[in-house]
Amino acid sequence: MVKNLRTFAQQAQAIANDDLNNPILSTEGKGVLGGASASMVQNLRKIAEQAHTISRDDLYNNKLSIESRGDLGTAFATMVMNLRNLAEQAQIIANGD
């Protein structure tokens, strides 16, 4: 149990340092805490991948269609929708319509 807590503490530190590719995050924890940690890392990686996709100005990538739950996922979905609308408006202005 102490080892499991130590691993979780190391994982929490990696997440706090925004180091989502740290090998410690691939370590499977046991029990409810391990499952929650794995789910948290998976969700954060998904959000990070979406942020990278947005930063590449790829607003219509299928990765952005994947729904993420929670406050951060909702915020990203709203941001993508607003950026798409803004890009469409900019294109209309550029075309002189």
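Residues numbered from 1 in each chain as written. Predicted model: local features only at pLDDT ≥ 70, side-chain atom pairs only at ≥ 80, totals over all residues. Heavy atoms only, no water.

Visitor: Could you clarify how one ought to interpret the overall build of the chain in this entry?
Guide: In terms of regular secondary structure, the chain is built from 3 helices and 0 strands. Whereas a compact globule of 97 residues would reach a radius of gyration of roughly 13 Å, the chain reaches 18 Å, over 25% beyond that. For the chain, the spread of C-alpha atoms along the principal axes amounts to about 65 × 20 × 20 Å. Per-residue burial over the chain gives 22% buried out of 97 residues. A total of about 7100 Å² of accessible surface is found on the chain, and carbon and sulfur atoms cover 55% of it. Counting 9 positive and 10 negative side-chain charges, the chain places the averaged centre of each group 15 Å from the other. (Helix = DSSP H or I, 4+ residues; strand = E, 2+ residues; numbered from the N terminus. Rg over C-alpha atoms; globule rule 2.2 N^0.38 Å. Buried < 20%, exposed > 50% of the residue type's maximum accessible area, 1.4 Å probe, protein only. Areas by Shrake-Rupley, 256 points an atom, 1.4 Å probe, with all protein chains shown as cover. Lys, Arg positive; Asp, Glu negative; His and termini not counted. Charge placed at Lys NZ, Arg CZ, Asp CG, Glu CD.)

Visitor: Just to check I follow, could you spell out the side chain of Ser37 for this structure?
Guide: As for its position among the elements, Ser37 is in helix 2 (residues 31–55). A relative accessible area of 4% places Ser37 in the buried class. Excluding residues within four positions of it along the chain, Ser37 makes contact with Phe8 and Gln11. (Contact = heavy atoms within 4.5 Å.)

Visitor: Got a minute to help me understand empty space enclosed by the protein in this structure?
Guide: Empty space among the atoms becomes apparent when a probe as large as a water molecule is rolled across them. A full pass over the atoms with the stated rule returns 1 cavity of 30 Å³ or more. Approximately 30 Å³ is the volume attributed to the largest cavity. Taken together, Asn4, Phe8, Gln11, Gly29, Leu33, Gly34 and Ser37 form the lining of the largest cavity. Breaking the lining of the largest cavity down by element, the ones donating at least two residues are helix 1 (2–16) and helix 2. The residue makeup of the lining of the largest cavity, split by class, is 2 nonpolar, 5 polar and no charged. (1 Å grid on protein atoms, 1.4 Å probe; cavity = no way out; pocket = protein on both sides within 12 Å on 5 of 7 lines; lining within 4 Å. Points joined across faces, edges and corners; volume = space filled by probe spheres on them. Nonpolar A, V, L, I, M, F, W, Y, C, P; charged D, E, K, R; others polar.)

Visitor: When you look at the pattern of salt bridges in this model, what are you seeing that I'm missing?
Guide: Between side chains of opposite charge, pairing is possible as soon as their charged atoms come close. What the rule picks out here adds up to 2 salt bridges. Across the pair Glu49 and Arg56 runs a salt bridge, and its minimum N-O distance is 3.7 Å. Several salt bridges share partner residues, and in doing so they unite Glu49, Arg56 and Lys63 into one network. (Salt bridge = Lys/Arg side-chain N within 4 Å of Asp/Glu carboxyl O.)

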